[in-house]
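# Results of the structural survey
The residues making up each chain are set out below.
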Amino acid sequence: MQIGIWLRAVGSTSVERTWWRESVFYQIYPRSFQDSNGDGIGDLQGIIRRLDHLNDGTPASLGIDAIWLSPFYRSPMADFGYDVSDYCDVDPVFGRLADFDLLLAEAHRRGIRIIVDLVPGHTSDQHPWFQEARASLGNPKRDWYVWAKPRPGGGPPNNWRSVFTRFGSAWTLDPETGEYYLHHFLPQQPDLNWWNDAVRDAIESVMRFWLDRGVDGFRIDVAHGLVRDQQLRSNPRFLLGRPRRNWDLEEVHAIHRRWRKVLDGYSDRMAVGEVDAPSLARLVRYYGNDDELSFPFNFHFLGQPWRAERFRAVVGQWERLLPAHAWPDYTLSNHDRSRAATRYGLARARAAALLLLTLRGTPFIYYGEEIGMTDVPIPPDRVVDVHGRDPERTPMQWDGTQGAGFTAGAPWLPIAADATRVNVAAQRDDPASLLSFYRRLIWMRRGSPALRAGTYRTLPAPRGVFAYLREANDEHLAIAINFTDREARVRLGTGAAPILLSTQHGRDGELDLAAVALAPNEGIVARIGGQAG
Ligand code: NOJ
């Protein structure tokens, strides 16, 4: 594959241009993308079969550049793969290592890169490391995990809580040895002890295993977790802006710097970290001095109500905080959160996509967003996730048949009732469909230096409208998005400008920049002559 790296000015900053800064990423949750053997669960061969949907080199496909593949490693599946029992093998439900190698080769052949999920914070309780660690107090692997005696009088050693709130304490008593072990997620996901150098070395070997196989990088699970207060002190009862002792510790940055060195030992590899920082100011620290993550995920869109002012504020604050070397990224959905079309409504899904794909920053698209998949209500007897995330993880809707083209068997999660209507086959040849809109949007971005790598500047706009400029050399694009359910009018400059793309199918021709009329929830991209404002 040809990989271009070159330097150029981006606004007042100088950002190195790399493939991952200019790529559109697509997240695949392997269980739900495509089943190839009729067991009702997606697998690696299934993904291979669907690569042409993602990018066949022509605008008839979505046109994404890179895949983030959620875990496919050996796992008892208590947390559907985020509980790893062998970091260096494929779970039989997804296939074999040879299938992974084929997937990587087939993706690369199409110019699609693949980053894989690295889950360094915890293993499965079935991982041989934990099995050894729990065997006895004196086991050499004991210190690979976090153990503590009950507090005087009994009970967990401190007040740390599991992220999965239903479990309450982050500690579980191991009756065999009489000590508690730490787990910030399920009791079946014991936390590794990141103060132990052997753990650091072991996970770096895992990274090298996949890098040597040719993966293009990692999405790092809970990248702000890992290290916890060494004295295991409780969190203050009222945090009130005070730092927590089990998240986002300074030492975590030392680990990220080590990982960056590992990545930099290979050519063109990257890491995006899942960092749930309490503020953008804390989040920005994960870029380090251009020696930590390629970028941390910016999840701040996920919690925003559909209001122009809120989105503009997130982008503005982020742009101001980013140091010169840092490149932003944005996402609207993932396997842990309600889908965008559910949060905002289908009518706004196009405008949300237009925003995501025209901002300065790498966009991450969750599978199914391109056809407007929504959260699926799960009957109580079909619930499988401990934390209520099944609705956003249902099978990809490929066609209107019984198994939605996803499976010939019984799907592991229910298929959406609207899959007969909302599916790839139904939208593929309909120029007015959401899928066709996504395709046009992504291919427009691919062909536009301004959108891929240009500067960003907001334009004045009335309440409810978010307008900005993206510029590179002599390409000047004005973007305006009406977040309201009423028509809006915005001034983007003077003179006439051709519409490159609108969320309103069929709207083309020229705009009068002095008074651009926007339909409710309409977003528009116009090519202007550099005279905006
Ligand atoms: C974050 C992942 O995105 C989520 O799905 C998982 O349950 C936790 N980390 C634990 O690994």
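Think of each chain on its own: its residues are numbered from 1, step by step along the sequence as written. At least 70 in pLDDT is required for a residue's local features to be given in this predicted model, at least 80 for side-chain atom pairs to be given and counted, and no such filter applies to totals for whole chains, interfaces and linings, which use all residues. Excluding hydrogens and water, the side-chain values take into account all heavy atoms of the structure.

A few words on the packing of helix α10 (residues 346-358) against helix α12 (residues 434-446). Their axes nearest at 10 Å, the elements α10 and α12 cross at an angle of 15°. Between α10 and α12, the angle is such that the two are roughly parallel. Crossing handedness for the pair α10 and α12: right-handed. Contacts between α10 and α12 involve A349, R350, A353, L354, L356, L357 and T358 on the former and, on the latter, L434, F437, Y438, L441, I442, M444 and R445. Only Asp, Glu, Lys and Arg are considered charged in this grouping, and only Ala, Val, Leu, Ile, Met, Phe, Trp, Tyr, Cys and Pro are considered nonpolar; every other residue, Gly among them, is considered polar. In the contact of α10 with α12, the residues fall into 11 nonpolar, 1 polar and 2 charged. Axis definition: a line fitted to C-alpha atoms, limited for helices to the stretch in contact. Angles are taken between N-to-C directions and run from 0 to 180 degrees. Helical segments are the DSSP runs of H or I of at least four residues, strand segments are the runs of E of at least two, and each set is numbered from the N terminus. Should an angle fall under 35 degrees it is called roughly parallel, over 145 degrees roughly antiparallel, and 65 to 115 degrees roughly perpendicular, with every other angle called oblique. Throughout, a crossing is termed right-handed when the near helix is turned clockwise from the far one, and left-handed when it is turned anticlockwise from it by less than a right angle. What makes two residues a contact is simply this: any of their non-hydrogen atoms within 4.5 Å.

Moving on: the packing of aromatic side chains. The rule is short: rings of Phe, Tyr and Trp, with Trp giving its six-membered ring, pair when the centres are within 6.5 Å, and they are stacked under 30 degrees, edge-to-face over 60, tilted in between. On inspection of all chains with the given rule, the structure shows 38 aromatic pairs. Both rings, one in Y456 and one in Y468, keep their centres 5.5 Å apart while their planes meet at 45°; by these two values the pair is tilted. With a gap of 12 residues between them, Y456 in strand β16 (residues 455-459) and Y468 in strand β17 (residues 465-472) connect regions that are remote in the sequence. When its relative accessible area of 15% is taken as the criterion, Y456 is described as buried. One aromatic cluster in this structure is built from W19, W20, F25, W68, F295, F297, F299 and F364. Working rule: Lys NZ or Arg CZ, within 6 Å of ring centre, within 35 degrees of ring normal, means a charge sits over the ring. Lying over the aromatic face of W247, R228 brings its terminal NZ or CZ to 4.5 Å of the ring centre. A cation over a ring is seen here: R339 above Y367, with NZ or CZ 4.8 Å from the ring centre. Between buried and exposed lies partly exposed: a residue is buried under 20% and exposed over 50% of the maximum accessible area for its type, with that area taken using a 1.4 Å probe on protein chains only.

Here the focus is the layout of surface pockets. Reported here for the largest pocket is a volume of approximately 490 Å³. Grid spacing is 1 Å over the protein atoms alone, the probe is 1.4 Å, and a cavity is where that probe fits but cannot get out, while a pocket is an open set with protein on both sides within 12 Å along at least five of seven lines and lining residues have an atom within 4 Å of a point. If you trace the largest pocket, you find 21 residues lining it, with V163, F185, E274, D276 and D336 closest to the centre. Looking at the lining of the largest pocket residue by residue, the class counts come to 7 nonpolar, 5 polar and 9 charged. Grid points are joined across faces, edges and corners, and a volume is the space filled by probe spheres set on the points.

Where a domain begins and ends is set by an automatic assignment or by a domain database. Partitioning the protein into domains gives domain 1 (19-124 + 196-444), domain 2 (128-182) and domain 3 (454-527). A straight line from the C-alpha centre of domain 2 to that of domain 3 covers 56 Å.

Whether a residue is near a molecule or strand depends on its heavy atoms: it is near if one of them lies within 4 Å of it. Residues in contact with the ligand amount to 13 residues; listed here are only the nearest, D79, H122, D221, H335 and D336. Measuring from an oxygen atom of the ligand, one finds a side-chain N or O atom of D79 at 2.5 Å. Counting of polar contacts relies on pairs of N or O atoms within 3.5 Å, with two restrictions inside protein: one atom must be capable of donating a hydrogen and the other of accepting it, and residues adjacent in sequence are counted only when both atoms are side-chain atoms. A distance of 2.9 Å separates an oxygen atom of the ligand from a polar atom in the side chain of R389. Residues belonging to the shell around the ligand are distributed by class as follows: 4 nonpolar, 2 polar and 7 charged.

Quick look at the sheet that holds strand β4 (residues 66-69) now. The rule for pairing is simple: two strands pair if DSSP sees at least two bridges between them. Across the sheet, 8 strands lie side by side as β13-β12-β11-β7-β4-β3-β15-β14; this open sheet has parallel pairing. Here the strands that pair on one side only, and so sit at the sheet edges, are β13 (295-296) and β14 (329-331). Two elements, strand β3 (residues 25-28) and β4, share 4 bridges in a ladder whose sense is parallel. Within β4, the position partnered with F25 by the bridge is A66. Strands in contact with α10 are β14 and β15 (362-366); relative to β15, the strand with the most contacts, it is inclined by about 145°.

Turning our eyes to something else, we now look at the pairing of strand β20 (residues 496-502). Pairing of β20 with strand β21 (residues 510-512) involves 3 bridges; the strand directions are antiparallel. Note on β21: the bridge partner recorded for A496 is D512. Note that β20 and strand β23 (residues 523-528) share 3 bridges and pair antiparallel. From the neighbouring strand, S502 faces β23, where its bridge partner is I524.

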